[in-house]
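# Chain and residue survey
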Amino acid sequence: MADLKLIQGDITTFKGDAIVNAANTGLVGGGGVDGAIHRAAGPELNIACRKLHGCPTGDAKVTPGFNLPVRLIIHTPGPIWRDGSFEEPKLLRSCYENSLKRAVENHCQTVAFPSISTGIYGYPLDKACKIAVSTIRKFDAPLQVTMVAFDQKTYDAFNKAMAN
Ligand code: ADP
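Bear in mind that the values here come from a model prediction, so they are computed numbers and not experimental data.

Around the ligand there are 16 residues in total, and Asp10, Val33, Ser117, Gly119 and Ile120 lie nearest to it. In the model, an oxygen atom of the ligand is placed 2.8 Å from a nitrogen or oxygen of the Val33 main chain. The contact in question runs from an oxygen atom of the ligand to an N or O atom on the backbone of Ile120, over 2.8 Å. In isolation the ligand exposes 560 Å². Once the protein is present, 91% of that is buried. For the shell around the ligand, the element with the most residues is helix H1 (residues 32–41), which contributes three residues. Split by residue class, the shell around the ligand holds seven nonpolar, seven polar and two charged.

Listed below in structure tokens is the structure:
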């Protein structure tokens, strides 16, 4: 079982083996946490991402961390929330699962996640937190996972989901 802890802060300052990026399917860099990661990692990240030729929603692909204090960045495009009947829960679960698989394949022990899909992509926060927490806790590998909540609302929602 993966170990899970929660902090509030900026994921670009996380020191460990890997961070996960809530990317888009083009892996072209965007707003939110994606923009922050691209700015902090530097322009080489964009060049490396272009070579990956995109990533389907729910899958995950890896680049080096470049100027970030991590070895790897795991890019996973989350689902855009419509009304919940377009496989959004299954796709969000896949994001966490595939990111954790990439972490293990690349010999990571410490990995940090942002709250995938709950920003610009509009996934309801409480629903997303439950999926994130259960998927990470169920994942059978000796990983230390840190959820990095950027704002208080996200921190509180994860805190609640982790208490259950
Ligand atoms: P998505 O498009 O998957 O919804 P966003 O980047 O819009 O992705 O939002 C995902 C979450 O990441 C939101 O909770 C947002 O507040 C948070 N976020 C934004 N910047 C950062 C950052 N530097 N570190 C950690 N989380 C961040």
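And the narrative resumes.
Put simply, helix H3 (residues 88–105) and helix H4 (residues 125–138) touch, their axes get as near as 9 Å, and they point 35 degrees apart. Note that H3 runs across H4; the crossing there is right-handed. Residues Pro89, Leu92, Arg93, Tyr96, Glu97 and Leu100 of H3 touch H4, and the partners they reach there are Ala128, Ile131, Ala132, Thr135 and Ile136. Residues of the contact of H3 with H4, tallied by class, amount to eight nonpolar, one polar and two charged.

Another aspect to go through is the UniProt feature "domain: Macro" (unreviewed entry) in the chain. Here, the residues flagged by UniProt with the feature "domain: Macro" (unreviewed entry) are residues 1–164. Its end C-alpha atoms 16 Å apart, residues 1–164 is made of 37% helix and 22% strand.

If you look at the biggest cluster of nonpolar residues, it comprises 35 residues, and the most contacted ones within it are Tyr96, Val111, Phe113, Ile136, Leu143, Val145 and Met147. Setting aside residues up to four positions removed in sequence, Val145 forms contacts with Ala2, Asp3, Leu4, Lys5, Leu100, Val111, Phe113 and Ile136.

Under the counting rule described, the total for this entry stands at two aromatic pairs. Positioned above the aromatic ring of Phe86 is the side chain of Arg82, whose terminal nitrogen or guanidinium carbon lies 3.6 Å from the ring centre.

Turning next to the environment of Ala40. Among the structural elements, Ala40 can be located in helix H1. Taking relative accessible area as the criterion, Ala40 reaches 31% and is therefore assigned partly exposed. Those residues in contact with Ala40 that sit more than four places away from it in its chain are Thr12, Asn67 and Leu68.

On to unusual backbone geometry, then. Backbone geometry places Phe66, a non-glycine residue, at a positive phi of 50 degrees. Secondary-structure assignment places Phe66 in the loop between strand E3 (61–64) and strand E4 (70–77). A relative accessible area of 27% places Phe66 in the partly exposed class. Notably, Ser117 is not glycine yet its phi reads approximately 75 degrees, a positive angle. For Ser117, the location among the structural elements is in the loop between strand E5 (110–113) and H4.

With that out of the way, let us pick up helix H5 (residues 152–163). Here H5 contains twelve residues, and its C-alpha end-to-end distance of 16 Å stays within 8% of the 16 Å for a straight helix at 1.5 Å per residue. Turning to H5, its buried residues are Thr154, Ala157, Phe158, Ala161 and Met162. The buried residues of H5 all sit within an arc of 130 degrees when viewed along its axis, so they share a single face. Away from its buried face by more than 90 degrees, H5 exposes Lys153, Lys160 and Ala163. As for H5, its buried residues are in contact with strand E1 (3–8), H4 and strand E6 (144–149).

Cut-offs used in this document
Residues numbered from 1 in each chain as written. Predicted model: local features only at pLDDT ≥ 70, side-chain atom pairs only at ≥ 80, totals over all residues. Heavy atoms only, no water. Near = heavy atom within 4 Å. Polar contact = N/O pair within 3.5 Å; in protein donor to acceptor, adjacent residues only side chain to side chain. Areas by Shrake-Rupley, 256 points an atom, 1.4 Å probe, with all protein chains shown as cover. Helix = DSSP H or I, 4+ residues; strand = E, 2+ residues; numbered from the N terminus. Nonpolar A, V, L, I, M, F, W, Y, C, P; charged D, E, K, R; others polar. Axes fitted to C-alpha atoms, helices over the stretch in contact; angles between N-to-C directions. Left-handed = near helix turned anticlockwise from the far one by under 90°. Contact = heavy atoms within 4.5 Å. UniProt positions renumbered as here; feature names shortened; annotations may be inferred. Core = buried A, V, L, I, M, F, W, Y, C linked by side-chain atoms within 4.5 Å. Buried < 20%, exposed > 50% of the residue type's maximum accessible area, 1.4 Å probe, protein only. Phe/Tyr/Trp six-rings, centres within 6.5 Å; stacked < 30°, edge-to-face > 60°. Lys NZ or Arg CZ within 6 Å of the ring centre and 35° of its normal. Expected span 1.5 Å × (residues − 1). Arc of directions from axis to C-beta.

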